[in-house]
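Given next are the chains, with one letter for each unit.
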Amino acid sequence: MIAIQGAVHRSFTFPADLPAAHAYFSDFRRLLNLLPHIRLVKTHGPDQFRVLYHTVEIGVYDVRLYCDLQARLDRARSVLRVGPLSGIAPVKPRVTLTSLTAQGVYQSTSSFLDGGASTQVEYHLELHARLPKPIGLNLMSDRALERIAHSIVMWRIHEIADGFIERSIDDFKKTRRRRGRGRGVP
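The rules behind the values
Residues numbered from 1 in each chain as written. Predicted model: local features only at pLDDT ≥ 70, side-chain atom pairs only at ≥ 80, totals over all residues. Heavy atoms only, no water. Helix = DSSP H or I, 4+ residues; strand = E, 2+ residues; numbered from the N terminus. Contact = heavy atoms within 4.5 Å. Polar contact = N/O pair within 3.5 Å; in protein donor to acceptor, adjacent residues only side chain to side chain. Patch = residues over 30% accessible without salt bridge, like charges linked within 9 Å, V, L, I, M, F, W, Y side chains within 5 Å. Areas by Shrake-Rupley, 256 points an atom, 1.4 Å probe, with all protein chains shown as cover. Salt bridge = Lys/Arg side-chain N within 4 Å of Asp/Glu carboxyl O. Buried < 20%, exposed > 50% of the residue type's maximum accessible area, 1.4 Å probe, protein only.

Caption draft 1: Just the environment of Asp-62, in detail. Counting through the fold element by element, Asp-62 comes out in strand β4 (residues 61-74). Separated by 38 residues in sequence, Asp-62 and Leu-100 place their C-alpha atoms 6.2 Å apart. Among all residues touching Asp-62, those that are not within four sequence positions of it are His-54, Thr-55, Val-56, Thr-98, Ser-99 and Leu-100. Of note is the side chain of Asp-62, whose polar atom sits 2.3 Å from the side chain of His-54.

Caption draft 2: A look at a nonpolar patch on the surface. A surface patch of nonpolar side chains, amounting to about 260 Å² of accessible area, comprises Ile-58, Met-140 and Ile-148. Relative to the helices and strands, Ile-148 is located in helix α3 (residues 142-182). For Ile-148, a relative accessible area of 38% translates into the label partly exposed.

Caption draft 3: Local environment of the pattern of salt bridges. Scanning the model with the defined rule gives 7 salt bridges in all. When the shortest N-O distance is used, the salt bridge between Arg-30 and Asp-171 registers 2.9 Å. Pair noted here: Arg-30 is in helix α2 (residues 28-32) and Asp-171 is in helix α3, with a separation of 141 residues, a long-range link. Under the relative-accessibility criterion, Arg-30 is labelled partly exposed at 25%. Asp-171 gets classed as buried once you look at its relative accessible area, which sits at 16%. In this structure, the salt-bridge partner of Asp-74 is Arg-77, at a minimum N-O distance of 3.3 Å. A relative accessible area of 63% places Arg-77 in the exposed class.

Have a look at this one:
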């Protein structure tokens with residue numbers, strides 16, 4: 001098995017006051033659609049989901065990580081925590097010549113700081129998993145393979161975080177414009 005892990009921290013300004021930011025980020029199902037490389041597979045319950053992280057790496061390896069997670073917005077502390085959901089049977093690891101499938105762990109924390117007309121967000125994202133070793137790479141040492149995998153995971157984690165920030169801001173602005181038009185606001 002190959003252990004992979006990556007984490008990233010970002011700070012960004014969300015173009016809404018704190019109550020509007022809380023309202024927007026409380027719809028985690030909607031936010032899932034804004035995460036690059038991640039899609040909703042199943043809803044287990046309110047704010048409980050199975051998601052799939054899916055990429056094709058090095059143009060050959062189809063990597064699929066399933067993550068069961070739960071989202072909780074604590075308005076009093078102004079923090080959105082997304083972490084592992086217990087009690088759900090994990091997917092079984094599978095490996096073929098060109099694909100890897102395993103259970104992964106997705107975690108994120110978003111802390112919101114009131115900035116008046118805008119909200120400062122401190123965003124931390126982590127992804128880790130244990131993957132079966134690709135059949136075609138049996139001659140490569142686990143350590144060398146983990147170094148390569150770590151570089152790829154870090155690159156993807158940055159893509160996910162940066163893409164999420166950009167997409168969430170754009171989505172919020174589009175939603176606000178649509179609602180504004182409906183009320184006669186320019």
